[in-house]
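Analysis of the macromolecular model
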Amino acid sequence: MRLDRRSVSTFSRRIWQTWEHATSNPTKGQQNFLSQLLRRNQSTVFGKEHGFASIQNIDDYRRQVPIADYERFRPYVEQISAGARRVLTREQPFMFTLTSGTTGEAKLIPVTKAAQTIHGKLTTLWYCRAFLDHKRCFDGKVLGVVSPSVEGLTRAGIPYGSASALIYGSSPPWVKRRRAIPHEVSEIKDFTAKYYVTMRLGVEQDISFFGTPNPSTILKLVETADRFKEEIVKDIREGGISYHFELADDIRQKLVSRLSANPKRSKELDRFVSEGQNLRPAEYWPRLKLIGCWKGGTVGVRLREFDRWFAKETPVRDLGYMASEAQISLPISDRGAAGILAIDANFYEFIPETEIGGANPTTLTCAELDEGGTYYIVLTTPGGLYRYDINDVVRVTGFYNQTPLIEFVRKGRDVSNITGEKLHVNQIIQAMEHAQTAAGLTVQHYRSFADLEKSRYTFLVEFDGATLPKEALSCLLNELDSRLHQLNVEYAQKRESRRLAAPVLWVMKSGWFDGKARATLQRAGGVQFKSQLLTTVPEDPSEALLIIEKTSEELK
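Below, the structure is looked at part by part.

Along the backbone of the protein chain there are 18 helices and 21 strands. Whereas a compact globule of 556 residues would reach a radius of gyration of roughly 24 Å, the protein chain reaches 25 Å, a difference of no more than 12%. Over its C-alpha atoms, taken along the principal directions, the protein chain stretches across nearly 70 × 65 × 45 Å. Each of the 556 residues in the protein chain was classed as buried or not, and the buried ones make up 57%.

As a further point, take the pairing of strand β11 (residues 347-352). In the case of a regular strand, side chains alternate between the two sheet surfaces. β11 sits mainly inside the fold: six of its six residues count as buried. Of the two faces of β11, the one holding F347, E349 and I351 and the one holding Y348, F350 and P352 are both buried throughout. The pairing of β11 with strand β12 (residues 374-380) spans six bridges and is antiparallel. Residue E349 lies in a different strand from β12, and its bridge partner there is V378.

Among the structural elements, N41 can be located in the loop between α2 (26-40) and α3 (45-49). A polar contact of 3.0 Å, which involves the side chain of N41, links it to the backbone oxygen of L37. Sequence-distant contacts of N41, that is, excluding residues within four places in its chain, are made with G47, F52, L88, T89, R90 and Y386.

Next up on the list: the sheet that holds strand β7 (residues 290-292). Strand-to-strand pairing in sheets goes through backbone hydrogen bonds, with the strands running parallel or antiparallel. Strand order across the open sheet formed by four strands is β3-β6-β7-β8, with parallel pairing between neighbours. The sheet terminates laterally at β3 (141-144) and β8 (316-317), the two strands that pair on one side only. The pairing of β3 with strand β6 (residues 207-211) spans four bridges and is parallel. Pairing of L143 across the sheet is with F210, part of β6.

Criteria and thresholds
- Residues numbered from 1 in each chain as written.
- Predicted model: local features only at pLDDT ≥ 70, side-chain atom pairs only at ≥ 80, totals over all residues.
- Heavy atoms only, no water.
- Helix = DSSP H or I, 4+ residues; strand = E, 2+ residues; numbered from the N terminus.
- Rg over C-alpha atoms; globule rule 2.2 N^0.38 Å.
- Buried < 20%, exposed > 50% of the residue type's maximum accessible area, 1.4 Å probe, protein only.
- Pairing = 2+ DSSP bridges.
- Polar contact = N/O pair within 3.5 Å; in protein donor to acceptor, adjacent residues only side chain to side chain.
- Contact = heavy atoms within 4.5 Å.

In structure tokens:
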């Protein structure tokens, strides 16, 4: 299956010209986008309540529609999920993407055909630019990993699933034809089996592009291939899939029916096994020309581990700032994590980070941003989110034509995000309350920090001085982890896939919390001390009396 390089090159250059034009006048593009969106949705429930028909400009829009988070939209989304029409958008959503909320209840994000079209355009632009910059990156097969496209149905029968599947499904036809992994693999429930099957199929093929949003997933995949290299080589030689891994019968049958014995490929790989070497992509994918994944925020910490597995000259390009709510940027370089603000995909407003807690913060358009500035971003999307506070902080790194280049910096207020779980402090509080009751313990003080190096959460607890049995402390830790699984759907997914390691409990010395408070007050000149219950700032382990870890979580 040869790639028609001339046709793809011609198409890529033509579609890029439209982007060049759009980025040259972002102010006009943003004004037109907002005007058309409001006019199209003025007869909806939300549009009538907020007077869309009378809005003439951006100032009117800001006066009549307040900035708010998802909880303002939840009642409207519940109406849509039950079958109501023309609630947020005139066009009825055909699906929802699923993401974690600030409480135990997940968020359903409406997706309309208009939103899907934008996903397709941006995804195509990303691939086109990657092709123009790396002519050989699609000579072989494309390996991508996604979650199931449909994970359930609402009361009205509207499907909901992952944003990654939606975006992956928006790839241009010439990319889809080169996919190495069939759709059935995304339906495998057990993560160890899913990782194994992905790499058992992938290692056998000539992969030239490897892409999935989270770098921790890439690392987990290549580690799985190395861990189970004997099984992979045997499966490739015999044309099967090991029964060591749990697969539904129908999925196994469909996958195996497409396989055949490949002794030549197994022999090529077998020398790494017989010589006791690691099985690395640098050897089994010698024509790998590009890796696509997120490089910004806390997830980018894992990129430093790539050199262990991949050839040092293999470029890595950020896939773009995207969330379940929207695709927001288009990277066009392998350097850094920044991308061009997708000015024809959504309407954007920005609040300077220093003003986010103020009574009347400044709200800026994309034309009013400064290079080097950090801002909270506010979205208005074709899916029906209006002046939506996504609680993300972005940085402007420069400009492309007249359009800002932005990169994701971190989640905003009271949220930690090691590998996509977006854990909120409210969930920490609820989990600790539950765990204390379940373990029969009373915690005097506590806090938690995200350990970015080890991809796990550390919970620090102080008791009233009594010596406590390890069994009760282990119970506290297990209940914390279990409750967070229940409260946060993405925490559960990341833990089950082992991209997020098991949490650890530090029992702190008596007086630990008071000592921190005194030190902070002295540094701050006596102002009120406010403890951060969730942070990325690590604690000194010498302050811990005892460290409790969960039992070993070996892969099956």
